[in-house]
Structure formats: C-alpha cells, structure tokens
Amino acid sequence: GTVLTDNFSYLQTCLGFIVGYAVIAYILVPLYYKLGVVSLYEYLDKRFGIVAHRTGAWFFFIAKMASASLRAYVVCVVLQQLLFARYDIPFAVNSAIMMMLVWLYTRRGGVRSVVWVEMLKTVIMVCSIVASIVFVTNALGLDFGGAIRVVADSDYSRVLFFDDVMDSR
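Since the model is a prediction, treat every value here as computed from it, not as a measurement. The written sequence of each chain sets the order in which its residues are numbered from 1. Local features in this predicted model are restricted to residues of pLDDT 70 or higher, and side-chain atom pairs are both shown and tallied only at a pLDDT of 80 or more, whereas totals for entire chains, interfaces and linings draw on every residue. Hydrogens are left out, water is left out, and the side-chain values use all remaining heavy atoms of the structure.

We now examine the side chain of Thr137. Only DSSP runs of H or I covering at least 4 residues are called helices, and only runs of E covering at least 2 are called strands; the numbering of each starts at the N terminus. Tracing the backbone through its elements, the reader meets Thr137 in helix α5 (residues 91–139). Residues are treated as being in contact if the distance between any of their heavy atoms lies within 4.5 Å. Here Thr137 is in contact with Leu142, Asp143 and Ala147, once residues within four sequence places are set aside.

A separate point is the pattern of salt bridges. Throughout this description, the term salt bridge denotes a Lys or Arg side-chain nitrogen within 4 Å of a carboxyl oxygen of Asp or Glu. For the structure shown, the criterion picks out 1 salt bridge. Here Glu118 makes a salt bridge to Lys121, at a shortest N to O gap of 3.0 Å. On the criterion of helical spacing, the pair formed by Glu118 and Lys121 is a turn pair, its members being 3 residues apart in helix α5. Glu118 gets classed as partly exposed once you look at its relative accessible area, which sits at 36%. Using a relative accessible area of 47% as the deciding quantity, one classes Lys121 as partly exposed. Buried residues are those whose accessible area, probed at 1.4 Å on protein chains only, stays under 20% of the maximum for their type, while exposed residues exceed 50% and partly exposed ones sit between those limits.

For the rest of this paragraph, the subject is the environment of Ile24. Inspection of the secondary structure assignment puts Ile24 in helix α2 (residues 9–35). Among residues more than four places away in sequence, those in contact with Ile24 are Val29 and Pro30.

Turning to the side chain of Asn94, a few remarks are in order. Note that Asn94 resides in helix α5. Ignoring anything within four residues of it in the chain, the contact list for Asn94 reads Cys76, Leu79, Gln80, Phe84 and Ile89.

Glancing now at the packing of aromatic side chains. The geometry of two aromatic rings is summed up by the distance between their centres and the angle between their planes. Any Phe, Tyr or Trp ring, taking Trp's six-membered ring, that has another such ring centre within 6.5 Å forms a pair; planes under 30 degrees apart are called stacked, those over 60 apart edge-to-face, and the others tilted. Summed over all chains, the structure comprises 3 aromatic pairs. On the numbers, 5.8 Å between centres and 70° between planes, the contact of Tyr73 with Phe91 is edge-to-face. Here Tyr73 is found in helix α4 (residues 50–82), whereas its partner Phe91 is found in helix α5, with 18 residues between them in sequence. For Tyr73, a relative accessible area of 47% gives the class partly exposed.

Structure, rendered in structure tokens:
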C-alpha cells in the first residue's frame, strides 16, 4: 500500500531482518550458551536483577499483544467492508464472531489446529498473491516477461536507498 509514496523501501527493512537473524544465530545464541542462559530475560535477570527481567518480559508481552490485536482488527475491518456491511451487521458483532472463532479453534484443537490454520492462511496468501499478479498482468495485456520489464523499468521498483540516511523510508 505504500509503494506509491515509498517505492519498495520496506523490502530494504526486510533484508535488514535477515542480517539481524544472522547476528542472533551466530553471535547471541553462542553467547547465551557460553553464559548458560536460555533467553534474553534470563540474561537480564542474572546481569541486572529480577526487575530488569520482569520489565523486559512485560515490554515483550505488551508488544506482542498490541501487534496481535492490530492484526485481528485489520482482519475484522476488511471482513466488515467485504461481507458484514452488506448485511448491516455491526462491527462489534463482526469482531465478537471473529474472536469467538479464534477461541473455538484454539480451545477445541489446541496447538495442532493453530499450526494447521497458520499453514492454511499462508497457502491462501501465497495463492492470492499469485492470482493477483496473473489478473493484473492479464488486465494490462502483458505476458510474464513484459510484466517483468515494466516493473524493472518503473521508478516504483526501487528497493535499496543509500542516498539520504535521514530519509524515513
């Protein structure tokens, strides 16, 4: 959604995540083994005390809850626009239905159902992306090679930005 204003600058951030994962895997994990700790929170406890441990854990918990809530909210907004608004079903009812379904499949099926639902969501997302590319390419009257050339020639396909370190992209 931000390609119009920011090109593909977010992809640069995602590439940075890969670097971050490598740092974690090759520097932090061996350091944790050397120190005999299992997590950052255990390290915080040993190094700075229980208050630092609990503070770090609470920040992590709050951040995870906020991000999960935002994802659920976005799904409910999309469903409201695409489905529930047609039948004059209020947003609060939509949200309650969605949360009840999440609770039911988690309660009924446990971790196994969560894993299957996540796998199904991933397959649907990847298929949706492929279908979108096919539909847009066909609507523009392009073959696959033509679509690649159009994207490569577009200013919107710029990914890496090194010209202005203060740029918010």
